[in-house]
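Understanding the architecture of this molecule
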Amino acid sequence: MERPCLSRRHALLVPATAAAGVGALAACAPEDQGFGTNAPVRAEDGAVPLADIPENTSTLVNFGGQQPFVLVVRGEGEDVTAYSGYCTHNGCALREVEDQLDCPCHGSRFDATTGEVLVGPATRHLPEVAVRIEGDTLQRDG
Ligand code: FES
C-alpha cells in the first residue's frame, strides 16, 4: 500500500497509534507534501462531502453565503476543527499557501493547523467556526 507524503505539521496530526508509519514519511520529497489545497473546496447546498476533505490535512472550504471561507482541519475520521478563513486584522479573505494561510491585504500569516498568528500585523488567532458531520458530509452550524 502506498503511503501519502505528509509534512511535519501533518505528522503532528497523526495519532500516536499511527506513529509507526512516521518513519516512512522521511522519504517523501518536499514537493510531494500535498498540504491542503490552494483553491477552496466548494460546498453544495451548505454541505461538502467528507471525501473532499482529506484526513490529516487542512482544507479551505467555501460554504457559500456571507463570509463563506472556512479552514477545515481534519485529523483521522470525524476529528474535525474549523476556523474562520478571514484575517483578524481587517477581515480580508485568506489564501492557503502550503501549511499557512496568507493575507493578501497586509501580509499577515496564520498557521493552517491551529489558526495561530505567525506574522502580523494581525494579533488575534483565527476564531473557531462551528461545523458538524451529518452522514458523509460536513456542514457549517449557523
Ligand atoms: S487584513 Fe490581513 S493583514 Fe490586514
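In this report, we go over the structure that sits alongside the text.

Overview of the sheet that holds strand 7 (residues 100-102)
- The sheet built from four strands is open, its strands ordered 6-7-8-9 with antiparallel pairing. Edge strands, defined here as strands with exactly one partner in the open sheet, are strand 6 (95-97) and strand 9 (117-119). On average, each strand axis in the sheet is tilted by 35 degrees relative to the strand beside it, whichever way the strands run.
- Looking at chain direction, strand 6 and strand 7 are connected through three bridges and run antiparallel. If you follow Arg-95 over to strand 7, its bridge partner there is Asp-102.

Considerations on the environment of Val-97
- Summarising the element assignment, Val-97 is placed in strand 6.
- Each C-alpha atom of the pair Val-97 and Ala-112 lies 8.8 Å from the other, and the pair is 15 residues apart in sequence.

Looking at the nonpolar core
- Counting residues in hydrophobic clusters, the biggest one holds 23 residues, and the most contacted among them are Val-61, Val-70, Leu-71, Val-72, Ala-82 and Leu-94.
- Contributing elements (two or more residues each) for this core: strand 3 (57-62), strand 4 (69-74) and strand 5 (80-84).
- Per-element accounting of this core gives the leading share, four residues, to strand 4.
- Sequence-distant contacts of Val-61, that is, excluding residues within four places in its chain, are made with Pro-40, Val-41, Ala-43, Val-48, Val-70 and Val-72.

Describing the sheet that holds strand 3
- Ordered by their spatial adjacency, four strands build an open sheet running 1-3-4-5, and the pairing between neighbours is mixed. In the strand order of this sheet, the two ends are held by strand 1 (41-42) and strand 5, each with one partner.
- Both strand 1 and strand 3 contribute to a ladder of two bridges, which runs parallel. When the bridges of strand 3 are listed, Arg-42 appears paired with Asn-62.

Parameters and conventions
The numbers attached to residues start from 1 for each chain and follow its sequence in the written order. Residues qualify for local features only when their pLDDT is at least 70, as the model is predicted, and side-chain atom pairs are given and counted only at 80 or more; totals for whole chains, interfaces and linings, by contrast, use all residues. At least two DSSP bridges between two strands are required for those strands to pair. Put simply, DSSP marks the helices as runs of H or I at least four residues long and the strands as runs of E at least two long, and each gets a number from the N terminus on. In this description, a line fitted to the C-alpha atoms serves as the axis of each element, helices being fitted only across the stretch in contact, and the angle between N-to-C directions of two axes falls anywhere from 0 to 180 degrees. For the purposes of this analysis, a nonpolar core is taken to be any set of buried Ala, Val, Leu, Ile, Met, Phe, Trp, Tyr and Cys residues that are connected through C-beta atoms within 7 Å. Residues are called buried when their C-beta atom has 20 or more other C-beta atoms within 10 Å, exposed when it has 12 or fewer, and partly exposed otherwise; all C-beta atoms are positioned from the backbone. Two residues qualify as a contact pair if the distance between their C-beta atoms, derived from the backbone, is within 7 Å.

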